[in-house]
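Okay, here's what each chain looks like letter by letter:
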There are 2 protein chains.
Amino acid sequence: MQHNQQILLDNRPVGEATTSNFKLVETPVAALEDQQVLVRHHYLSLDPYMRGRMNESKSYAQPQPLGEVMIGGTVGEVVESRHPKFKVGDKVVGMGGWQLFSVVDGNAAGMLRKVDTTHVPLSHYLGAVGMPGVTAWYGLVKIIAPKAGETVTVSAASGAVGSALGALAKARGCRVVGIAGGKDKCDYVVKELGFDACIDYKEHKDYLSLSKALREACPNGIDGHFENVGGMVLDAVMLRTNAFARIAVCGMIAGYDGAPLPMTNPALILVNRMKIEGFIVSEHMEVWPEALSELGNLVGSGKLRPRETVANGLAAAPEAFLGLLKGKNFGKQLVKLI
Amino acid sequence: MQHNQQILLDNRPVGEATTSNFKLVETPVAALEDQQVLVRHHYLSLDPYMRGRMNESKSYAQPQPLGEVMIGGTVGEVVESRHPKFKVGDKVVGMGGWQLFSVVDGNAAGMLRKVDTTHVPLSHYLGAVGMPGVTAWYGLVKIIAPKAGETVTVSAASGAVGSALGALAKARGCRVVGIAGGKDKCDYVVKELGFDACIDYKEHKDYLSLSKALREACPNGIDGHFENVGGMVLDAVMLRTNAFARIAVCGMIAGYDGAPLPMTNPALILVNRMKIEGFIVSEHMEVWPEALSELGNLVGSGKLRPRETVANGLAAAPEAFLGLLKGKNFGKQLVKLI
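Every value quoted in this text rests on a predicted model; they were computed, and no experiment measured them.

The rules behind each value
- Residues numbered from 1 in each chain as written.
- Chains lettered and ligands numbered in written order.
- Predicted model: local features only at pLDDT ≥ 70, side-chain atom pairs only at ≥ 80, totals over all residues.
- Least-squares fit on C-alpha atoms with pLDDT ≥ 70 in both.
- Contact = placed C-beta atoms within 7 Å.
- Helix = DSSP H or I, 4+ residues; strand = E, 2+ residues; numbered from the N terminus.
- Nonpolar A, V, L, I, M, F, W, Y, C, P; charged D, E, K, R; others polar.
- Pairing = 2+ DSSP bridges.
- Right-handed = clockwise from strand over helix to strand, strands pointing away.
- Buried ≥ 20, exposed ≤ 12 C-beta atoms within 10 Å, placed from the backbone.
- Core = buried A, V, L, I, M, F, W, Y, C linked by C-beta atoms within 7 Å.
- Domains from an automatic or database assignment.

**Here we look at the relation of the copies chain A and chain B**
Okay, so step 1: For these two chains of identical sequence, chain A goes onto chain B by a turn of 180° and a shift of 0.0 Å along the axis, with RMSD 0.0 Å. Within this description, the copies of the chain are treated as partners about a two-fold rotation axis.
Okay, so step 2: A shared interface surface links the copies, since 100% of the contact residues of chain A are contact residues in chain B too.

Dropping the structure here:
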């Protein structure tokens, strides 16, 4: 019998999340029942949405239950199988959670998917060619729906979603302007990811100052925006939108701790006849095949070169997660488990 | 030569608008040139959008120029014509502005439209069967797009737009809940307009209290909302939205004076995967024929019984307009000019 390690949500954050909200436990791996598959995780994905799940308050998903393994995307390898579709050695992506092993029902729809690592490294199936990439694809293609020549902005531009958004928008002939925290990230966004410009929000004390920088970077105004952050960034972008601008709302990371962050000037929704739409990519499974195909091609052809920040070992996950919430990661945040 | 009276925008409001922003002048009516039509106005329409035009700041339309006749919709009668399409005695609707007479180019697209007063009183072409009615139609049909059985809410429910919205939504099998100011208006909304419920926002000191009342009036949550007001009402509605709710933003009257009103909890856009969309009906002329046809039938069949508040004489327009901004009118606010 193999030994598993798991990280549970032990208690809910009061204000800012801390490592004391989590607990690492050791458990045995249960013997497989018929149709089940045992997966050994190679990488665990850390994502901002997990912070929302840690709260008890109403969100788009059920709160993460206390005392249970933290939810999370994983890639790994089948090490034991009692399901005809999966054999030992298969590389798979799934929602295994913050643990070394998971037992998965091989028949459950969408829970475990075999992937090809010939042209795409396994870890990228948690990033550019996974949920974050499809998130960017959905917001850009289905909500922003940009025309060639339009200007599209994205916050958290150096992250897994933002970097995919940039490559997808460039492929559609858009001017793409990122917003990120710090000179290193902005340099990466422009020089490695190929954005037309990137603004360091940390250089701006308020949304009016940030908005002025956006005016310079977007001389023709903003037609589409992909929001990962909210707060000051969204306020600044709204001031620079053109008539009929579309804003896809994917994240409001700045508001997870404590009181909700207001939107300063919602009257701009009317003034600029904007459309603002929130979405969760897991509710739009119908787009995944088309999106993953385009994203795989962008990565395979080198047009999208996603960066990863990798923490080592399951015990490092809580600290790495808290760092992600503060923007300490650079690109996709992963935990290497093997 | 006939004598005209006009109300000009004399100076821009600082904070709240006052009667001293306007100036009444007498002018001669110019002789008609070829293809022109002289219209004697019977009614002038007063609408909240005019307040936005009085400011110099960027809005969806050019600001009202100083020293020129205030913009506004009018209905009246052709009293002189040098255009083959219009003859003396024709009843017409147009954008004649705050004055007794207007000279109109009979060839200008959409500037003057003949109307039939057999089943619909002339004044209603400024309300339920005019711009306010089409505004309600567009927001409901093109943005909210409700299914039968869904719950739709509307602010300023007793007004020209709100009352039309209610009739249109009831015709689509929705539960319709209004929000209005004062018991008289709420009684009218339920008893005469046929809404399922109406909440008096004046009985609530903050958006949380108003939201609690909405929960009782909308036991299945809110699927669609038509926003004429903004501020506390929008905050309260957002708290009660169901997943995939749609909000059509038509007005932000509460924010016209002074500083913009913030939206308290924009994170709900993501949590409830909402779509919020601002629009201006004059940018969607393609829907007018279909909308006016449905609205005319609703009025003709007595399913929509719009109420009017009528001020007498052009000189009364500024005072009536300021009253409208404070919700003193009951239904469509008009000025009778003849």
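**Some points on the interface of chain A and chain B**
Okay, so step 1: Each side of the interface is counted separately: chain A has 25 residues, and chain B has 26 residues.
Okay, so step 2: Of all the secondary structure elements, the ones that give two or more residues to the side of chain A that touches chain B are helix 7 (267-271) and strand 13 (275-278) of chain A.
Okay, so step 3: The residue inventory of the side of chain A that touches chain B, partitioned by class, reads 15 nonpolar, six polar and four charged.
Okay, so step 4: Two elements, strand 13 of chain A and strand 13 (residues 275-278) of chain B, share three bridges in a ladder whose sense is antiparallel. Note on strand 13 of chain B: the bridge partner recorded for A:Glu277 is B:Lys275.

**Some thoughts on the pairing of strand 14 (residues 308-312) of chain B**
Residue and element names in this part refer to chain B.
Okay, so step 1: Here strand 14 pairs with strand 15 (residues 332-336) via five bridges, running parallel. What sits directly across from Asn-312, in strand 15, is Lys-336.
Okay, so step 2: In terms of handedness, the path from strand 14 via helix 9 (residues 317-325) over to strand 15 forms a crossover that is right-handed.

**Observations concerning the environment of B:Ile7**
All names here are of chain B.
Okay, so step 1: With respect to the secondary-structure elements, Ile-7 resides in strand 1 (residues 3-9).
Okay, so step 2: The exposure class assigned to Ile-7 is buried, which follows from the 22 C-beta atoms found within 10 Å.
Okay, so step 3: When the C-alpha positions of Ile-7 and Ala-316 are compared, they lie 10 Å apart, and in sequence the two are 309 residues distant.

**Description of the pairing of strand 8 (residues 151-155) of chain A**
All names here are of chain A.
Okay, so step 1: Of all five residues in strand 8, five are buried, a share of seventy percent or more.
Okay, so step 2: Alternating positions in strand 8 separate into two faces, Thr-151, Thr-153 and Ser-155 on one and Val-152 and Val-154 on the other, with burial throughout.
Okay, so step 3: The pairing of strand 8 with strand 9 (residues 175-180) spans five bridges and is parallel. The residue bridging Thr-153 from the neighbouring strand is Val-177, located in strand 9.
Okay, so step 4: One crossover worth recording links strand 8 to the parallel strand 9 by way of helix 3 (residues 160-171), and it is right-handed.

**Topic: the nonpolar core**
Burial of nonpolar side chains together is a common tendency in soluble globular proteins.
Okay, so step 1: Counting 213 residues, the largest nonpolar core has A:Ala164, A:Ala317, A:Val335, B:Ala164, B:Ala317 and B:Val335 as its most contacted members.
Okay, so step 2: When near neighbours in sequence (up to four residues on either side) are disregarded, B:Ala164 contacts B:Ala128, B:Pro132, B:Gly133, B:Ala136, B:Leu295 and B:Leu304.

**Remarks on the domain arrangement of chain A**
Residues and elements named next belong to chain A.
Okay, so step 1: Segmentation of chain A into domains returns domain 1 (3-127 + 306-336) and domain 2 (131-282).
Okay, so step 2: Taken together, the contact between domain 1 and domain 2 spans 15 residues of the former and 16 residues of the latter.
Okay, so step 3: Among the residues forming the side of domain 1 that touches domain 2, the class breakdown is five nonpolar, six polar and four charged.

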